[in-house]
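Listed below are the residues making up each chain.
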Amino acid sequence: MSPIKKGHTLTGKQYWRSLDELAGTPEFEDWLHREFPQGASEWNNAWSRRSFLTLMGASLALAGLSGCRRPEEHIVPYVKKPEDMVPGNPLKYATAIPMGLHACGLLVESHEGRPTKIEGNLKHPANRGRTDARIQASVLDLYDPDRSTVPSRGGVRSDWTAFVSFWREQFVAFQATGGEGLAVLSETFSSPTMMRLRRAFEARFPNARWVAWDPISDENRYEAIRAVLGRVHQPVFHYDRAKVVLSLESDFLLTEPEAVTATLGFTSGRRIESEKDQMNRLYVVESLYTLTGANADHRLRINSSDVGAFALAVAGELQRQGLAIEGLNGLTVPTMTGRAAEWLAPLAKDLLRARGESLIVAGSGQPAAVHALVMAINGALGNLDRTITYVDNRDAAYPSTSGLTKLTADMAAGKVSALVMIGGNPVYNAPADLNFAAALSKVATSVHLSSRVDETSAATVWHIPRSHYLEMWGDARSLDGTLSVIQPLIEPLYQSVSEVELTALLASGESARGYDLVRETWAGLVTGNFEVGWQTALLNGILSDSALPSIPVNAAQVGIAQAMASHGWSLRPTATTNLEVVFHPCYTTGDGTRANNGWLHELPDPITKLSWDNVATFSPKTARELGVQNEDIVSIQLQGRELSIAAWIVPGQMDNAVGLSFGYGREKAGRVGNGVGVDTYRLRDSQNMYRAGSATVSNTGRRYELATTQDHGSMEGRPIILMASLDEYRENPDFITGASVIPEFMAESEKAKERDLVREYPSSWKEPDYSTGYQWGMSIDLTTCTGCQACTVACQAENNIPIVGKEQVRKGREMHWIRVDRYFTGDVEDPGMEHQPMPCQHCENAPCEQVCPVAATVHDTEGLNVMVYNRCIGTRYCSNNCPYKVRRFNFFNYTDEYPETIKMVQNPEVTVRSRGVMEKCTYCVQRINRGKQVAKLENRSIRDGEVTPACAQACPAEAIVFGNINDSESRVARVKRINRTYSLLGELNTQPRTTYLASIRNPNPEMKA
């Protein structure tokens, strides 16, 4: 239950995680004071027990024994040891992960031939060694037990040789007609080899067609670019060059394709070391609360359909202040009201001050006309060729919904006799009005390349297993054109083929190896000695100097006016009887492709903190008017279609808007993803891909239990996040000094009680001498941390952390060693938001150590709070005494019934824990020890930066710094000397080794608060 009090506003810097916490409901108080729920040691529901074991066996037990690289056998030494392989020493290989029209460079750790951990490639300009949660979790997909193992025809087991023979017959027949009736539907890609083979296919079959389509893409942006510039070019956003950024419903820090690159660039402009430094400024205009909005210096709630009108009003204000913008003649600038009107003058002035150093971006869901307007404004501000550049990527297959629509209509009319689908899952995620499944049934010969027998493969004649990117050869370009080799780290576990190999068969009628196909392409790309260049590219993961040159563009072309002429720019009337549905991608499951990945399902959404489900989100005001509370099942009617889904209230969301995320409700995802959440694609049509008006919502009176972590580990009102504006920081650089853990909103009598609780207490034993040797410490910068949770999944992959399932998350038993807390602050209807990563603090004066009866948690001489698993008897006293609530307890034997092949994804350097053991962050002590061993062999000390925990290595914001604090010149030591450094609950004298840099925001002083 989430009571919402009308007119309830807050004063001062009060932080709250949920409406329950803010209202102090009995449910929240019961949760808060009952850390370990009643019946914690029992599992009374036998059916749930079986479901749990099925879930865990599916998500982590992974591939069958027949799919291993070597056959099942007893452990025997190598007869002939592979070259350069030392048992126990992992090797790293460079590769890349294709992400539609983008790619990120990777270094993948491999233990005796099995990839276990993914890191970023420091040499790749797109991500510079950083990753996100989705990339980190992609290694789990490699070992998914629900991947298909062999080709099938009509649901009957077959093999690749049989399909090759079948296609040769088709190839000869279609040659005679030039491919009449033949069609290929692929995902978007940016690959020289795939494009070379596509062109060969089109040359061989001139009457055939090739359509590229993704359910979630930047198609509207590309349509605008085509209209303005005459052809599609790839935009490259340089957030690192921008002093002022205006986001028009663009979640570029989380769900946009270039999120890792954008986060790196944007946070580089917010990293400050003193009050004298400069910061960039971020304005966000949006309907739903996004992670980008959470990191904004100013955030404006507005209807999604009104974002374009606001952009036009900004353009009008810029013209009023003297800026000439092409293409706006004949357009009536709408009159904004309320906060939107208050924004216009100071925002326009700020943009004008930052000419050539500002950047305006529109989100994927905004129409092409809005993207064209954004191009015009960026051009007038002098941002083109500076903060935004364009490249001509001839290797990219851009998305086309109109192409999909025409193809589906021809399929339904019987004009398509053979359809080959390379990836994708259109039966599940194509627009509902196309009725793709019915059209597919009219196609005589249908082929689908996919990793599993999903909704589309189940409806086709031929299903071909698709290789994972870690077991295939390929190539890919990133947004700026940098070219990477995709090289396998393991032989295909099953009888799978890559998209390159299938396309080669389509184009030539002959089967070919991916390795040979990629080398053939690169023979025309590598200059000089090919073998030397090829080997260098394999070693580095990229082709040097392969970024595409920027193309000068002129946004003052007639195409802008034409692109904007047919768009309606007026404001939309709103009412609870005319709600606006806003569709958006889920960060974890994406378009549904990753729906069988347990790591991602259990990762809480950064805004709602929900896991294992999707919901319909509402603002508090709209929820009150509709009579809806959290976990109520609502019925949504939209354009003749209906959907029932659980409701969730999100403070800060626009009123009269309903947020619906994609990627759930799968029926053939696998044992983990089947039946999880609700399929919202059923409400989406080709004319309303990202938003639709005229929706009605009614409460069904039924309830649905959701798993949320938003109240887990609550600090009982203590302001453990410290934040100030840049001006406040400059006026008082030492504002951290004297910060109290006692909440200011408490009554004086309550404050007195709190003071008694925070008396400094001494250590119960003689502490080691921490002045010598390695002394490890960490610093987390809350100014640059965006709350993306890449650290959480990176830690899970590195440290063999199990998932526990929805039921156990509801009970507060999630096992993540580092959580990212989300706090609201300010007005209930329109609050601000802060995020704070929370690992074990590695206290020198650790409260957990003082109460452990068996000395299972102790301190070592290097300042680490360590766990001795074989001593732990599960009293949980340590967790009760931890003020940070960062310890996790194995309530069940999450590992006992795993099949043996779980070891394929587990890190052999980390102990696999069993029931009854307390566990927590270890600063990745296995990496520390590995660094010591290497340094000892080379007779030297560990170099600064040589040892990096998984969380710090993955972080795309580079917000986490780790190292030896005894080295005064180490980066972590320098960061800890910054005057924004503080310890969580420092008055308790726990002396944590993990410290934080207080969050600094940079609001415009001319903007009304």
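Okay, so let's go over this structure. (Residues numbered from 1 in each chain as written. Predicted model: local features only at pLDDT ≥ 70, side-chain atom pairs only at ≥ 80, totals over all residues. Heavy atoms only, no water.)

On to the overall build of the chain. Helix and strand content of the chain: 30 helices and 41 strands. Counting across all 1009 residues of the chain, residues that qualify as buried make up 63%. Intrachain contacts of the chain at a sequence separation of at least 6 include 76% that bridge at least 24 residues. (Helix = DSSP H or I, 4+ residues; strand = E, 2+ residues; numbered from the N terminus. Buried < 20%, exposed > 50% of the residue type's maximum accessible area, 1.4 Å probe, protein only. Contact = heavy atoms within 4.5 Å.)

Here the focus is helix α10 (residues 307–320). Between the first and last C-alpha of α10 there are 20 Å, a value that for 14 residues agrees with the 20 Å anticipated at 1.5 Å per step. Of all 14 residues in α10, twelve are buried, a share of seventy percent or more. Burial in α10 covers these residues: V307, G308, A309, F310, A311, L312, A313, V314, A315, G316, E317 and L318. In this structure, the buried side of α10 is in contact with β11 (244–248), β12 (281–286), β13 (298–301), α11 (338–353) and α12 (368–380). Looking one or two residues beyond α10, the residue adopting positive phi is G322, at roughly 110°. (Expected span 1.5 Å × (residues − 1).)

Now for the pattern of salt bridges. Applying the stated criterion to the full structure yields 54 salt bridges. Between D218 and R221 there is a salt bridge, with its nearest N and O atoms 3.3 Å apart. There is no split in this pair, since D218 and R221 are both buried. For D830, the salt bridge is made with R301, and the minimal N-O distance between the two is 3.9 Å. With D830 in the loop between β32 (819–825) and β33 (832–838) and R301 in strand β13, this pair connects stretches of sequence that are 529 residues apart. A residue is classified by how much of its surface remains accessible, and D830, at 23% relative accessible area, is partly exposed. By relative accessible area, R301 is classed as buried at 19%. One network of salt bridges, in which partners are shared, links E286, R299, R301, R339, D655 and D830. (Salt bridge = Lys/Arg side-chain N within 4 Å of Asp/Glu carboxyl O.)

The subject of this paragraph is the state of the cysteines. Tallied over the full model, the rule gives zero disulfides. Distance from the sulfur of C852, which forms no disulfide, to the nearest cysteine sulfur (C878) is 6.3 Å. Note on C852: relative accessible area 17%, which makes it buried. The closest cysteine sulfur to the non-disulfide-bonded C924 is located on C795, 6.0 Å from its own sulfur. Residue classification places C924 among the buried positions, given a relative accessible area of 6%. (Disulfide = S-S within 2.5 Å.)

Now for the packing of helix α17 (residues 514–522) against helix α18 (residues 530–540). Closest axis-to-axis distance for the α17/α18 pair is 11 Å, and the angle between their directions is 115°. In the packing of α17 onto α18, the handedness of the crossing is right-handed. The residues of α18 that touch α17, namely those facing Y515, V518, R519 and W522, are F530, E531, W534 and A537. Tallied by class, residues from the contact of α17 with α18 come to six nonpolar, no polar and two charged. (Axes fitted to C-alpha atoms, helices over the stretch in contact; angles between N-to-C directions. Left-handed = near helix turned anticlockwise from the far one by under 90°. Nonpolar A, V, L, I, M, F, W, Y, C, P; charged D, E, K, R; others polar.)

The analysis is restricted to geometry; functional conclusions fall outside its scope.
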